[in-house]
Amino acid sequence: MPHLLCLDLGTSAAKAALLDLDGTVHRRAEAPYPTRHAADGTAEQDPRDWERAARAVIVELLEAAPAAKASVDGAAPAPVPDTAPDVEVAALVLTGQMQDLVPVPRSGAASIAILYSDTRAGAEAEELRAALAADGVSWDALTGNLQDATSCAAMHLRLLRTAPEQLADLQGVVFGPAGYLVARMGLGLWCDPTTAATTGLLEARTRDWSPAVTRAAGLDPALLPALTGAAGQVVGHAGAEATALLGVPDGLPVVLAPGDAGATTSGIVGLAPGDAYVYLGTSGWLASVLPGTGTSPTGAQDAGGEPDGDEPDGDEPDGDEPDGVESAGEGSAGEDPAGEGAAGDEPAGVSHHLALGTSSATAEPPILRISALLSAGAAADWARQAVLDGADPARADQLLEAREQERGRGPSGLLALPSIVGERFPVRDGDLRGAVLGIDAGTRGIDLYAAMLEGVAHGLTHGLEHAEGPSPRPLPVTGGGAASAPWLRILADVTGRPVRTIDGTDAALLGCALVAAEALGLDHALVPLGARQEAATIDPDPSAAAQHAALRPAYRALYDAAAQVQRLR
């Protein structure tokens, strides 16, 4: 059976796996690389470390399968012992962190990659915003996302002024390690639309590089990579350069998958509009696939400066989200006393909107919206320390189970905001802080803890209210919080949807395999993790779900009320 060699180059390590067309992971390998941080906001990596790590994991996997060969005509595998089992490798598939600025020299390896978390270009971001505004263009509306110091356009303008030698004699620029390895294999400059949407250089409506932004950033458009159209696209075949660089067989097809946010979504739920999943880690997020037609993120604007006001709004997150979905800028909640951002009216700047490539799942290229809470597991950790005497998660779950046995499923009677370090969704306000409303003489510590978990669930549910109609499909949940059965029941009741816990460890690699199999036209039985029958499902309690639904307007109003009180302190 053909296998797909999938490679995910994240922020801290290269992870690779050989997957067959049934979705079974046969071998895994991982190799770390360092990041250089400095007090001025520096976050950089050396692309040569990406090369070394990628080669290490690929060689480890292929040496473990000594008869590995390319499944393409004319590829001559190396001699192997007669007893070695054949492993037919159908393609090398690449994904990785996004929103990096990587100048690619005409010859040799790049020496610098400025990461998505680098915040040194704040002044340049403001300069870009002002220059575009002078021409009647809103940078945020044009790109469909809130732009700031982490924009690749701002990074480029800063580098042009502080280290112009890094931009001399270039083949071009790319925006992550996957595109960089493609270039280093001699296959040209390529970028997937998901990664492109994180750069501050892509127009949301046209899905093409913006002449206005590239001009303002001092970036020669001829240096920009070509954009892939499909979710997974064959961008070439390995030749001598690829074999020397990474140790892959000659003639092997190379598939560029979506950046890691898109690949992870593909691996968990797929890329059809209506698909969504929840991540409960230190931070938390809801990732939703929306139809490309009729969805205009952040009132997406034409280059001429006219926003489209007839379609829904949106924009960005932070924390544990897929690498390269970053923003340093903050707005504030509560400035509109009428409640801007109430259900059905998401304000600009609170969700990321990322382009996705075409696939068999949809006729039009969809949009990936990621709505992130700054504190999910972090809020739960705080509450256990503050109101449960430092109970560990297992003990806290026991107390929740006992409470549920006593009172049944349903709202705690309290309204809680989990925004202990500011917030990004459903409002964007770095100064907002957590709050609990409704405490009375009978309130216990476990009630406060349950309320905090409810607050996280309600925060995420504001994103589901923008989905295209009701979905009967279970909502997959991954991350450390998915280990808490009581929290999953709360999430099911608050969202009104069945929830299904999954292990998302291999999600990005599986997502790579799914888009590559389609790109190559392979017959396969690959299924996203959230659709697998072995995943345990928890149904909502109808009475509890109805009670939580009635509370949503109160939860949304609490964000604005808390922000207004915070400003009076």
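Above this note sits the structure.
Keep in mind the model is a prediction, meaning the values are calculated, not measured. (Residues numbered from 1 in each chain as written. Predicted model: local features only at pLDDT ≥ 70, side-chain atom pairs only at ≥ 80, totals over all residues. Heavy atoms only, no water.)

Asker: Now, about the sheet that holds strand E17 (residues 276-280): what can you tell me, with residues and values included?
Answerer: Overall, mixed pairing links the seven strands, which are arranged E19-E20-E18-E17-E23-E24-E25 in an open sheet. Each edge of the open sheet carries a strand with a single partner, namely strand E19 (352-355) and strand E25 (537-538). Where helix H9 (residues 260-268) meets the sheet, it contacts E17, strand E18 (284-290), E19, strand E20 (367-373) and strand E23 (475-478), and its direction lies at approximately 95° from that of E20. (Pairing = 2+ DSSP bridges. Helix = DSSP H or I, 4+ residues; strand = E, 2+ residues; numbered from the N terminus. Contact = heavy atoms within 4.5 Å. Axes fitted to C-alpha atoms, helices over the stretch in contact; angles between N-to-C directions.)

Asker: How would you sum up the packing of helix H2 (residues 122-134) against helix H4 (residues 152-162)? Please name residues and give values.
Answerer: The interhelical angle for the contact between H2 and H4, taken along N-to-C directions, is 115°, at an axis separation of 8 Å. Judged by the angle between their axes, H2 and H4 are roughly perpendicular. Crossing angle aside, the handedness with which H2 passes H4 is right-handed. Across from Glu124, Ala125, Glu127 and Leu128 in H2, the residues of H4 making contact are Ala153, Ala154, Leu157, Arg158 and Arg161. Split by residue class, the contact of H2 with H4 holds five nonpolar, no polar and four charged. (Parallel < 35°, antiparallel > 145°, perpendicular 65-115°, else oblique. Left-handed = near helix turned anticlockwise from the far one by under 90°. Nonpolar A, V, L, I, M, F, W, Y, C, P; charged D, E, K, R; others polar.)

Asker: Got a sec to walk through the sheet that holds strand E4 (residues 36-37)? Specific residues and values, please.
Answerer: Across the sheet, three strands lie side by side as E4-E5-E9; this open sheet has antiparallel pairing. The sheet terminates laterally at E4 and strand E9 (113-114), the two strands that pair on one side only.

Asker: Which residues make up the environment of Ala242, and what values go with them?
Answerer: If you trace the backbone, Ala242 turns up in helix H8 (residues 240-246). On the basis of relative accessibility, which here comes to 0%, the residue Ala242 falls in the buried class. Discounting chain neighbours no more than four positions away, the residues touching Ala242 are Met185, Gly247 and Val248. (Buried < 20%, exposed > 50% of the residue type's maximum accessible area, 1.4 Å probe, protein only.)

That is the geometry; function is a separate question.
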